[in-house]
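Descriptive structure summary
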Amino acid sequence: LPENVWAMASTENQARFGVITGDVGLLYQGAPEWIEPHEGLPIEPGDRIRTGDDGEVELIMNENVLWILEPDTELVTEHMEINTGRFNLSSGTLLGIVDSARTAGIAQQWEFNTPASVVAIRGTEFALQFIKSEGSHLGVFKGIVEAEPAETAEGLQPPVRVSTGQEAVSRRGKPLQTLEKFTPRIQALSAKRAFVARRQRQIQNTW
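All values reported here derive from a predicted model rather than from experimental measurement.

**A word on the pairing of strand E8 (residues 109-113)**
- Bridge count for strand E7 (residues 84-98) against E8 is five bridges, and the pairing is parallel. Note that in E8 the partner of Asn-88 across the bridge is Asn-113.
- Relative to strand E9 (residues 117-121), E8 runs antiparallel, the two being bridged by four bridges. Bridging from a neighbouring strand, Phe-112 pairs with Val-119 of E9.
- The loop that links E8 with its antiparallel partner E9 comprises three residues.

The structure is reproduced here in structure tokens:
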């Protein structure tokens with residue numbers, strides 16, 4: 001593409017794949033078969049992204065927002081704009097960072113749906129995991145995240161504010177539980193915070 005055309009396209013949809021390692025697959029909306037994405041490929045609404053047992057992939061939403069999918073994870077991008085988006089995490093683990101220091105004055109509205117919960121991100125560092133047998137686990141490493149159980153027969157439940165150092169656990173048909181201490185699995189993921197933040201700074205410096 002000519003440089004000016006590429007710049008216009010990038011403005012409309014900044015989201016793209018970052019570093020990819022191991023087994024990672026991409027299924028475009030309406031496509032007949034999976035393909036292997038490559039670094040720099042734009043991410044489009046309706047994309048289904050999966051990682052195998054040795055796969056990991058960075059999803060760069062903009063210069064200040066980074067998601068990392070851990071092994072054995074599946075995510076669908078439902079809706080995306082420069083500073084907002086909605087995603088469905090059907091299985092696996094996601095690490096995320098929204099650099100609120102760099103987004104001051106710019107509203108960030110990111111939402112993740114799992115089969116057991118809905119999570120609203122504004123500016124934070126967090127881990128989100130869904131395992132069918134255990135439900136949804138949200139660990140907040142920095143900032144505040146709003147979480148609510150998935151809709152039940154009684155309707156939607158009010159969101160719960162989950163703050164730094166807290167973990168929210170949601171299982172289908174049960175009230176959302178807030179823990180003041182991370183479970184071992186979320187604690188292990190918190191050890192990767194420094195790596196995610198370092199990658200975020202590298203992306204900002206090369207955007």
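Back to the write-up after that little detour.
**So, the pairing of strand E5 (residues 65-69)**
- Of all five residues making up E5, five are buried, and the element is well covered by its neighbours.
- Neither face of E5 is open: one carries Val-65, Trp-67 and Leu-69, the other Leu-66 and Ile-68, and all of them are buried.
- One ladder, built from five bridges, connects strand E4 (residues 56-62) with E5; its direction is antiparallel. Bridge pairing in E5 links Glu-58 to Ile-68.
- From the end of E4 to the start of E5, which pair antiparallel, there are two residues.
- In terms of strand pairing, E5 meets E7 through five bridges, oriented antiparallel. In the strand pairing of E7, Ile-68 is matched with Leu-95.

**Some words on the pattern of salt bridges**
- Scanning the entire structure with this criterion turns up seven salt bridges.
- Between Arg-50 and Asp-23 there is a salt bridge; the shortest N-O distance is 3.3 Å. Of the two residues, Arg-50 sits in strand E3 (residues 48-51) while Asp-23 sits in the loop between strand E1 (16-21) and strand E2 (24-27), which places them 27 residues apart along the sequence.
- Taking relative accessible area as the criterion, Asp-23 reaches 35% and is therefore assigned partly exposed.
- In this structure, Arg-48 engages Glu-74 in a salt bridge whose closest nitrogen and oxygen atoms are separated by 2.7 Å. You can see Arg-48 sitting in strand E3 and its partner Glu-74 sitting in strand E6 (residues 73-80), a full 26 residues away along the chain.
- Of the residues examined, Arg-48 reaches a relative accessible area of 31% and is grouped as partly exposed.

**Some thoughts on the side chain of Thr-93**
- Note that Thr-93 resides in strand E7.
- Looking at Thr-93, its side chain comes within polar contact range of the side chain of Gln-129, at 2.7 Å.
- The contact partners of Thr-93, leaving out residues within four places of it in the chain, are Ile-68, Leu-69, Glu-70, Thr-73, Leu-128, Gln-129 and Leu-189.

Here is what the cut-offs are and how they apply
- Residues numbered from 1 in each chain as written.
- Predicted model: local features only at pLDDT ≥ 70, side-chain atom pairs only at ≥ 80, totals over all residues.
- Heavy atoms only, no water.
- Pairing = 2+ DSSP bridges.
- Helix = DSSP H or I, 4+ residues; strand = E, 2+ residues; numbered from the N terminus.
- Buried < 20%, exposed > 50% of the residue type's maximum accessible area, 1.4 Å probe, protein only.
- Salt bridge = Lys/Arg side-chain N within 4 Å of Asp/Glu carboxyl O.
- Polar contact = N/O pair within 3.5 Å; in protein donor to acceptor, adjacent residues only side chain to side chain.
- Contact = heavy atoms within 4.5 Å.

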